[in-house]
Amino acid sequence: MTVRSTLHRIKFSDVALGQRFFDPISAEYFMKLSDTMAAMVTGIGDGTVPDEFEADDIVGIDQ
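The rules we used
- Residues numbered from 1 in each chain as written.
- Predicted model: local features only at pLDDT ≥ 70, side-chain atom pairs only at ≥ 80, totals over all residues.
- Heavy atoms only, no water.
- Helix = DSSP H or I, 4+ residues; strand = E, 2+ residues; numbered from the N terminus.
- Buried < 20%, exposed > 50% of the residue type's maximum accessible area, 1.4 Å probe, protein only.
- Lys, Arg positive; Asp, Glu negative; His and termini not counted.
- Salt bridge = Lys/Arg side-chain N within 4 Å of Asp/Glu carboxyl O.
- Polar contact = N/O pair within 3.5 Å; in protein donor to acceptor, adjacent residues only side chain to side chain.
- Contact = heavy atoms within 4.5 Å.

**So, unusual backbone geometry**
Next, step 1: Phi is positive for A27, close to 60°, though the residue is something other than glycine.
Next, step 2: Positionally, A27 belongs in the loop between β2 (20-23) and β3 (28-32).
Next, step 3: Looking at A27, the relative accessible area reads 45%, which means it is partly exposed.

**So, the side chain of D23**
Next, step 1: Mapped onto the elements of the fold, D23 is located in strand β2.
Next, step 2: It is R9 that comes nearest to the buried, bridge-free D23 among opposite-charge side chains, at 11 Å.
Next, step 3: At 2.9 Å, the side chain of D23 and the side chain of S26 are in polar contact.
Next, step 4: When neighbours within four sequence positions are excluded, D23 is seen to be in contact with E28, F30 and F53.

Here it is as structure tokens:
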């Protein structure tokens, strides 16, 4: 049996610092570093290269 997580849509500004979230544009997971920056933690990302996000960007969190 496969268990699938459910993604809940949320604004980037509502993601907690240090929380992992899914970016639908890149189809990868990121970790929020600050109010405007996050680092990719899946795919080619190793969590060290920051990427900029807007406060009203819609992302997904696992629920």
